[in-house]
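Residue-level structural notes
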Amino acid sequence: MRNDLILKMDLNKDMFLFLRENPSFHRALSYNPFLFKEFEEEYKTKRRKHLSDRIEDLSMMVALAKELL
């Protein structure tokens, strides 16, 4: 895999774990490093890292806190 991709993923250790869980991406990125955007989107979708997912999670926590009080 190219060094620039490794450096990008070095900033986020969870991406390395996701890559280990999905070895097909490792192979694809080794042959075609331009697929990094697709890998990143898949990572965000599977790990619920999109902004809308975070807002949804926050609203669920607020609703739970209201129920407890």
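Throughout this description, residue numbers start from 1 for each chain and increase along the sequence as written. In view of the model being predicted, local features appear only for residues whose pLDDT reaches at least 70, and side-chain atom pairs are presented and counted only at 80 or more, with totals across whole chains, interfaces and linings using the full set of residues. The side-chain values count all of the structure's non-hydrogen atoms but skip hydrogen atoms and water molecules.

1. So, the nonpolar core
It is characteristic of soluble globular proteins that their nonpolar side chains tend to be buried jointly. Residues enter a nonpolar core if they are buried and are Ala, Val, Leu, Ile, Met, Phe, Trp, Tyr or Cys, with the set joined through side-chain atoms within 4.5 Å. Think of it in three bands: with a 1.4 Å probe and only protein chains considered, a residue is buried below 20% of the maximum accessible area for its type, exposed above 50%, and partly exposed in between. Counting residues in each nonpolar core, the largest one holds nine residues, listed as L5, M9, M15, F18, L19, L29, F36, F39 and Y43. Only DSSP runs of H or I reaching four residues or more are called helices, and only runs of E reaching two or more are called strands; each is numbered from the N terminus. Elements with a contribution of two residues or more to this core: α1 (3-10), α2 (13-21) and α4 (36-46). Residue contacts are defined here by distance: any two heavy atoms, one from each residue, within 4.5 Å place the two residues in contact. Not counting residues within four places of it along the chain, the set of residues in contact with L19 comprises M1, M9, F25, H26, L29 and F39.

2. A word on the environment of K44
Topologically, K44 is positioned in helix α4. In this view, K44 contacts K49, H50 and D53; residues no more than four positions away in its chain are not counted.

3. Quick look at the environment of N32
Within the secondary structure, N32 sits in the loop between α3 (23-31) and α4. A relative accessible area of 30% means that N32 is categorised as partly exposed.

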